[in-house]
Every structure is written in C-alpha cells, then in structure tokens.
Amino acid sequence: MAAFAPLALASCLSDEGNYEYTDLPEVNISGLNDNIRCVLLEQQNITPTISTSIPEGQLEYVWRIGADTLAHQKTLDYTFKKVPGSNDPLTFEVIDKQTKVRYSKNIGLTVVSPFTTGYAILTDAGKLAFQSFETGEKLYQDAYKDANDDNLTGTPRLIKLISYNDATNNYVRSTRLCVIMQGGKSPELDGMSLARTNFYDDEFHGEVPQIVYNSAQYFGGDYAFNIISADGKVYIKFCSSTGTPDDGYFEYPLETFDNGCKVAPSLARLGASSYDVYYTSLDEQNHKFVLWTGNRTSSVISPMGNVSVPGKLLWIGNKPYQTNAYAVVQNEGKYYLYEVKYEYSYVTYTMEGTVTSYGELPAGTVNDQSCFSASQDTPYLFVGTGTQLKAVNLANLNDLSNAVIDVQTFDGDITDMHIDYDVNVLPKTEFSIAVSRSSGSSVYQIDPTIVNHGAIIKKYDGIQGRIVSFCRKF
C-alpha cells in the first residue's frame, strides 16, 4: 500500500482543472444587544433585524442555549421558568435551507430569579404568594401557578424554608420551599425558580401519611428533613451526606419506645455540634418531651425531661445553634410556658434533656390561634394574639405574672411571625410578622428591640387573602 502514496501526491500537485466559485449571499444580523438580562417568569420579546438577499421563504430561524432549542421563530417570545444550568450564550441562528449555511449571533445571557430573597406567603385562598426583595420588589400573588402552571390542592397549612449542602455540586448551600397542604398534595419547590421538584406523596414507600408538619425553622446546611404525620409519627430522610433532597425517601417512621408515642406537629432543632444534630418536640400521648437524632440512618424517639407535661403543644422553638428550647402548652384552658435544657455528652455522644422551669401564662396572653417567635438577642419570647404583639420575659418562668409586656397593637390579626437569622447572608436579625384583615394582608419587618415598641421598619401590602403561614426566603 505504501507504494501508491507518491503517485497520489503527484496527482494532486499536477491537478490544474478549472473550478467555478459562487459567492455565498451575506446575512447581516443587527438590532440585538451583546448582553441581555432576563428575569424568571417575565416574558421576553426580542426581534432581530435581518438584512439579506436570500428569499424569506428560504430562511429558517433558531434560538438556542447550547444544544437546547428555545424557539424556531424570528422573534423570540419566551419566558424562562428556570435559570439555565450552563454559562452558554443565547444564540440566534439564521439558516439558509438551500445551502444549509448557518449565520449566527451570540448574546451574553444572564437569567436572574426574583425568588432569591423575599417572603414566601401561603394564604387561605390556597395560593402561594411571593413578595420579592429583588429589583422592583414585585409581589407575585400566585407564584406557584406562575412557576408550575398548576394550582395547589387541599387546605393550606404550612410553608417552610429548608437549607442543605448540595453534595452533587461541591456542597454549595442550596434551598427548597416546602408547602404542606392538608387533604391535598404537598409539594417541594426549587428555591431559585419555585418549580416543583416533587410531591411529598411520591417520596413514601407504602402508605402515604397525612402530613401536618415538616422541618425546623433553621437557616444553614441541614442533615435531615423531618415530616410529622397527623397520627404523631415522625418520618425522616437524609440528604447532605449523599446528594440532594431528591436522593432520599421517607420510608419508615422512626422507632419509638414500647407503648408508642404521638409527636406534636411542631419541632425545634438543637445545635449540639456541627456533627450531631437533634430535634425535639412533645409526645402528647405520654406527656414527655422527646428527642431524636438528625444525622444517623437509625434513629429512635426517646423520652426526655423530668416532669410530666400534659396537654397540647402549640409551639416549640429556640434560638439557632442553641441546645435549649421553649414550649407553649395548652392544658384544660390554661397555657404554660416550659424551658427544656439539653446537654450533650462528648463521652457517650448522647443528649439529655431536663425541664428546668415552667409557669402559667397570665390570662389573655395566649390563645389557641397565637403565634410565637423566640428573640435572638434578648431573653424574650414574642407572642402574637389577635391584634396584640406581646413579649414574655423568659428570665423567670416560675413567676410569669409580671413578665408580659405589651409591645404594639396592629390593625389586623397577627397570624404568623418569625425572627430570622442567617449567618451566611445577614449581619443582623430580622423580625417579621404577618397581619391579616378581611380587606387583605401585609407582612411587616419589625424592630426586634423591646425599647422601640415594635417600630415598623418596612411594610409590604396588597397580599390577597388571609396569611396562614409565611417564611423568609434567603
């Protein structure tokens, strides 16, 4: 075979044939910026100007990002529902269908989410609204439908922000929004786009429980997600050590002690250490505070405390990274405030809890519809009852008769509140409350210091319906 190589080369060099070359027609693309910025859920209408001698019927148009085609029209009429997963530019191509020659223009593309920061708000109208803190501070009255072309089903009950470290993406801190709908399907949403990632119903192997609560109000990478069912069982899945929340399932409820238990639909996360995470709530069947781990594949709900705690748990919470918790319990028409202190043993690697103090709250301070939030910087528990915002001094729970302070009165019912703190994002504490009226609802950012009597820092109005639950989105 090697002998033929010189002949082939000589033949090429001696080829003096005549060829006719035809100039390809030019296509000039103009009227497009070099860079554009798009906002999720906002319609984009981009029309380029095309100058060419090629007949219009011979042209084909394509808009794409990398290999993903967005449209086949000259004008891009498109709404981004999610942030692209690559840094590829937006490319506009004009194709000559006869010659198959492509002419293109690349445009630097930035797609931003209006849901990066703000308030996610669940209303009794069965809608998930979102008050954005991004440019323009737009209020989305039905953000769930905008993002998913679907409606929530069932009775709105709770919305929570969950944070985790994404093990599939260099442990980048990521977020999800969890929406609990009683009697309907409860979705989990991507924190950037609010696109539905799954329904919780699809994450159970076997019978799907009626979900009434999930996750703690905690801002930082978490190890596990908890779900409490209507019959007081706790289901848990793990994500941070393996990947994302999509990698786990709520397969079985946690083990309990011999006679079982009924965990109340509220929980607090105890920051024992960066490795050993615990959750606590009240067992309303055995009248004991209980504890379970959040980073072990085998976990048992264990009784805690040294006193019997009869009644119904209205709320349990604490400050971030703390190992003590406060609980408000209703029993036979009276309301009690408990403090439970937990101590972690680095010898046995276990946590032990003790009820250190408790007392009866003065009449009128609390009712079954009250909401609560523990201050991050002062020894106060904020209470919203009707139109009244109060603060309870936690310094002496054994004598609460003179511990309640009237902070401020609002022009509607206080239906939810949070003191939010994120060491990764905010240098300060944010105190937010939801105020609902028949004419519509508002979310207020409030000065958390008692001496300023709940001074309003900022107010967001115009929310349709009564606010059932809301959370601060970081």
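Here we summarise the structure given alongside this text. Here the structure is a predicted model, which means the values were calculated and not measured.

Taken together, the four strands give an open sheet; going across it, the order is β28-β29-β30-β31, and neighbouring strands pair in antiparallel fashion. A single partner strand is all that each edge strand has here, and the edge strands are β28 (371–374) and β31 (404–409). Strand-to-strand twist in this sheet, taken as the mean axis angle between neighbours without regard to direction, amounts to 25 degrees. Here strand β29 (residues 380–385) pairs with strand β30 (residues 388–393) via six bridges, running antiparallel. Residue pairing across strands places T385 opposite Q388, the latter belonging to β30.

Enumeration according to the criterion identifies 15 salt bridges in this entry. The shortest N-O distance in the salt bridge between E93 and R102 comes to 2.6 Å. The exposure class of R102 is exposed, given its relative accessible area of 53%. Between R472 and E430 there is a salt bridge, and its shortest N-O distance comes to 2.7 Å. You can see R472 sitting in strand β36 (residues 467–473) and its partner E430 sitting in strand β33 (residues 430–437), a full 42 residues away along the chain. A single burial state applies to R472 and to E430, both of which are buried. When salt bridges that share partners are traced, they join R64, E93 and R102 into one network.

This next bit is on the packing of aromatic side chains. On inspection of all chains with the given rule, the structure shows 18 aromatic pairs. Aromatic side chains F204 and F250 sit 5.4 Å apart centroid to centroid with 25 degrees between the ring planes, which places their arrangement in the stacked category. Taken together, the residues span a long stretch of sequence, with F204 in the loop between β16 (196–199) and β17 (211–214) and F250 in the loop between β19 (234–238) and β20 (268–270) at a distance of 46 residues. What makes F204 buried here is its relative accessible area of 7%. The buried category is assigned to F250, whose relative accessible area is 1%. One aromatic cluster in this structure is built from Y119, F133, Y460 and F470.

Rules used in this analysis
Residues numbered from 1 in each chain as written. Predicted model: local features only at pLDDT ≥ 70, side-chain atom pairs only at ≥ 80, totals over all residues. Heavy atoms only, no water. Pairing = 2+ DSSP bridges. Helix = DSSP H or I, 4+ residues; strand = E, 2+ residues; numbered from the N terminus. Axes fitted to C-alpha atoms, helices over the stretch in contact; angles between N-to-C directions. Salt bridge = Lys/Arg side-chain N within 4 Å of Asp/Glu carboxyl O. Buried < 20%, exposed > 50% of the residue type's maximum accessible area, 1.4 Å probe, protein only. Phe/Tyr/Trp six-rings, centres within 6.5 Å; stacked < 30°, edge-to-face > 60°.

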